Amino acid sequence: MSYLWVDKYRPKSLDDLNHTPELTKKLANLSGDENINNIPNILIYGPNGAGKKTRVMGLLNRIYCNDSNQIFKLKIDVREFKVNSRNLEINVISSPYHIEITPSDLGYSYDKIAIQQVIKELGSVAHQFIVPNTEKVVKFKTIIINDANKLSKDAQHALRRTIEKYSKNIRIVMICETLSNIIDPIRSRMLNIRLSSPLRNEFDEIITNICAKENVLYNDKFLNKLDTICKKNIRLGLLTLENMAVLKNFDLSANDVNVMKPDWLMCIDKICLLAVKNSTVETILTIRGIFYDLIAHCIPADLILQRIIMWVLENGDFMNIKPNSIIKIMEYASIYDERMKLGSKDIFHLEGFITKMVLETSN
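Here the structure is a predicted model, which is why all the values come from computation and not from measurement.

1. Describing the overall build of the chain
- When you go through the chain residue by residue, the secondary structure sums to 14 helices and nine strands.
- Taken against the 2.2 N^0.38 rule, which gives 21 Å for 363 residues, the C-alpha radius of gyration of the chain at 22 Å falls within 12% of a compact globule.
- With respect to the three principal axes, the spread of C-alpha positions in the chain is 65 × 55 × 35 Å.
- Residue burial in the chain is summarised as follows: out of 363 residues, 48% are buried.
- Excluding contacts between residues fewer than 6 apart, the proportion of contacts in the chain whose partners are at least 24 apart in sequence is 70%.
- Within the structure as shown, the chain displays about 18900 Å² of accessible surface, and the carbon and sulfur contribution to it stands at 49%.
- The positive charge centre, built from 48 side chains, and the negative charge centre, built from 42, are 5 Å apart in the chain.

Laid out in structure tokens, this is it:
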């Protein structure tokens with residue numbers, strides 16, 4: 001079976017992690033506690049591509065399997081919920097020791113249902129796992145909740161009530177990029193852990209180690225350009241590296257090599273250039289088609305909006321966008337980001353935002 005490098009070389013234990021050793025040591029101490037059943041619920045947050053999920057899976061591997069990698073024998077199921085004669089489906093990734101869900105996929109109106117159903121189902125049953133080659137017995141199962149910052153307030157309040165009710169049989173691990181949308185009662189009931197992006201030398205070490213394993217030649221200029229584009233996002237860096245290495249059209253050791261951006265980032269660059277340079281109805285229609293392509297290829301609408309704002313901030317001076325216009329564009333982005341969370345058709349809100357941006361930059 002062929003794997004992407006980002007999956008092939010994903011660390012499976014805490015000892016294999018390449019950056020932020022202080023945090024790794026704290027997690028190892030946490031999982032090495034003799035009274036393991038007193039481990040708290042965890043809220044881990046940090047920038048995209050920093051390795052939050054990898055670190056969580058390494059922690060669970062240490063807790064349940066003593067680094068025997070049994071935690072990675074995963075299966076994917078589709079769980080169905082019936083709400084007001086409507087059938088809802090959510091993907092559930094599971095092992096014998098944990099399950100992983102993304103309730104925000106159901107939207108603001110229904111994520112509460114998934115939270116209540118899954119936690120009630122697992123929390124009402126006693127669990128017992130014997131850790132291999134030790135005398136430890138783990139008496140809880142873990143629920144990983146992805147994109148926790150996208151949960152509705154109702155879902156978070158439902159989670160708050162159930163955390164304590166079923167604390168004997170389950171542990172919750174919430175993963176998100178920012179704490180800004182997490183309510184205080186949730187934060188206070190969990191161990192808050194911030195995972196930062198790797199330092200420049202740590203990012204370079206990760207890239208160079210994989211280059212050595214895959215016999216990819218490179219130079220320092222390539223590493224500098226890769227870091228500039230990926231901004232220490234490990235996932236994006238490895239995907240970009242593999243893409244360029246597999247195509248065989250790039251000599252990564254050449255002094256004039258250009259790092260090729262992922263297709264979706266180039267599409268966003270095209271959207272921004274069109275919006276700034278051409279204030280016509282045809283421009284809006286062209287951008288609409290690009291939005292549809294991005295969404296069809298599973299690029300989240302909020303990420304598209306975020307990247308457009310980053311482009312405006314980075315290139316505003318070069319494109320002669322007035323400072324007041326940049327402020328207005330950011331204000332529009334916050335408005336339409338909120339509307340996307342409350343609505344069901346992301347494309348409508350992306351179109352509304354880009355129309356505002358076109359009008360603002362044309363003045």
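2. Overview of the pairing of strand β8 (residues 170-176)
- Among the seven residues in β8, seven count as buried, and that is most of the element.
- Residues Ile170, Ile172, Met174 and Cys176 point to one face of β8 and Arg171, Val173 and Ile175 to the other, with burial holding for every one of them.
- As paired strands, strand β1 (residues 42-45) and β8 are joined by four bridges and run parallel to one another. Note on β8: the bridge partner recorded for Tyr45 is Cys176.
- Bridge analysis of strand β7 (residues 141-145) against β8 gives five bridges, and the strand direction is parallel. If you follow Thr142 over to β8, its bridge partner there is Arg171.
- Handedness of the crossover joining β7 and β8 through helix α5 (residues 153-165): right-handed.

3. Side note on empty space enclosed by the protein
- Under the defined criterion, the tally for this structure stands at two cavities of 30 Å³ or more.
- In this structure, the largest cavity occupies an estimated 60 Å³ of space.
- Elements with a contribution of two residues or more to the lining of the largest cavity: α3 (52-65) and β8.
- Residue composition of the lining of the largest cavity, grouped by class: nine nonpolar, two polar and one charged.
- Leu27, Ile42, Ile44, Arg55, Val56, Leu59, Val173 and Ile193 are the residues that line the second largest cavity.
- Residue assignment for the lining of the second largest cavity shows that the elements contributing at least two residues are β1 and α3.
- Among the elements that line the lining of the second largest cavity, the one with the most residues is α3, at three residues.
- The residue inventory of the lining of the second largest cavity, partitioned by class, reads seven nonpolar, no polar and one charged.

4. Focus on the packing of helix α11 (residues 281-296) against helix α14 (residues 346-362)
- Direction vectors running N to C along α11 and α14 enclose 140°, while the axes themselves pass 10 Å from each other. When the axis of α11 is compared with that of α14, the two are oblique. Both α11 and α14 take part in a crossing whose hand is right-handed. Facing Ile284, Ile287, Arg288, Phe291, Tyr292 and Ile295 of α11, the residues of α14 in contact are Ile347, Leu350, Glu351, Ile354, Thr355 and Val358.
- Split by residue class, the contact of α11 with α14 holds nine nonpolar, one polar and two charged.

5. What about the sheet that holds strand β3 (residues 86-94)?
- The strand order across the open sheet built from seven strands is β2-β3-β4-β7-β8-β1-β9, with neighbouring strands paired in mixed fashion. At either end of the open sheet lies a strand with only one pairing partner, and these are β2 (75-83) and β9 (191-194). Along the sheet, successive strands turn relative to each other by an average axial angle of 25°, direction set aside.
- Across the sheet, helix α4 (residues 111-123) touches β2, β3, β4 (98-101), β7 and β8, and the angle it forms with β2 is around 115°.

6. Describing α11
- A rise of 1.5 Å per residue sets the reference length of α11, with its 16 residues, at 22 Å; its end C-alpha atoms lie 23 Å apart and thus fit the reference within 8%.
- Residues of α11 that are buried include every one of Thr283, Ile284, Ile287, Ile290, Phe291 and Leu294, and no others. Projected down its long axis, α11 shows its buried positions confined to an angular sector of 125°, all on one face. Relative to its buried face, α11 has exposed residues pointing more than 90 degrees away, namely Val281, Glu282 and Ala296.
- Check the buried side of α11 and you find it contacts α10 (263-277), α12 (301-315) and α14.
- Downstream of α11 by a residue or two, Cys298 has a phi angle that is positive, lying close to 65°.

7. Topic: the packing of aromatic side chains
- Scanning all chains against the criterion turns up four aromatic pairs.
- When the ring of Tyr64 is compared with that of Phe129, the centres are 5.5 Å apart and the planes differ by 90°; the resulting orientation is edge-to-face. Of the two residues, Tyr64 sits in helix α3 while Phe129 sits in strand β5 (residues 129-130), which places them 65 residues apart along the sequence. Residues Tyr64 and Phe129 agree in their burial class; the two are buried.
- Ring pairing ties together the aromatic residues Tyr64, Tyr97, Phe129 and Phe140, which thus form one cluster.

8. With respect to the pattern of salt bridges
- By the definition in use, this model includes 14 salt bridges.
- Residue Asp7 is joined to Arg10 by a salt bridge in which the shortest nitrogen-to-oxygen separation is 2.9 Å.
- What makes Asp7 partly exposed here is its relative accessible area of 35%.
- Between Glu121 and Arg79 there is a salt bridge, and its shortest N-O distance comes to 3.1 Å. Here Arg79 lies in strand β2 and Glu121 lies in helix α4, a separation of 42 residues in the sequence.
- Residue classification places Glu121 among the partly exposed residues on the basis of a relative accessible area of 43%.
- Salt bridges here are not isolated pairs; linked through shared partners, they connect Asp15, Arg62 and Asp67.

What counts and how
Residues numbered from 1 in each chain as written. Predicted model: local features only at pLDDT ≥ 70, side-chain atom pairs only at ≥ 80, totals over all residues. Heavy atoms only, no water. Helix = DSSP H or I, 4+ residues; strand = E, 2+ residues; numbered from the N terminus. Rg over C-alpha atoms; globule rule 2.2 N^0.38 Å. Buried < 20%, exposed > 50% of the residue type's maximum accessible area, 1.4 Å probe, protein only. Contact = heavy atoms within 4.5 Å. Areas by Shrake-Rupley, 256 points an atom, 1.4 Å probe, with all protein chains shown as cover. Lys, Arg positive; Asp, Glu negative; His and termini not counted. Charge placed at Lys NZ, Arg CZ, Asp CG, Glu CD. Pairing = 2+ DSSP bridges. Right-handed = clockwise from strand over helix to strand, strands pointing away. 1 Å grid on protein atoms, 1.4 Å probe; cavity = no way out; pocket = protein on both sides within 12 Å on 5 of 7 lines; lining within 4 Å. Points joined across faces, edges and corners; volume = space filled by probe spheres on them. Nonpolar A, V, L, I, M, F, W, Y, C, P; charged D, E, K, R; others polar. Axes fitted to C-alpha atoms, helices over the stretch in contact; angles between N-to-C directions. Parallel < 35°, antiparallel > 145°, perpendicular 65-115°, else oblique. Left-handed = near helix turned anticlockwise from the far one by under 90°. Expected span 1.5 Å × (residues − 1). Arc of directions from axis to C-beta. Phe/Tyr/Trp six-rings, centres within 6.5 Å; stacked < 30°, edge-to-face > 60°. Salt bridge = Lys/Arg side-chain N within 4 Å of Asp/Glu carboxyl O.

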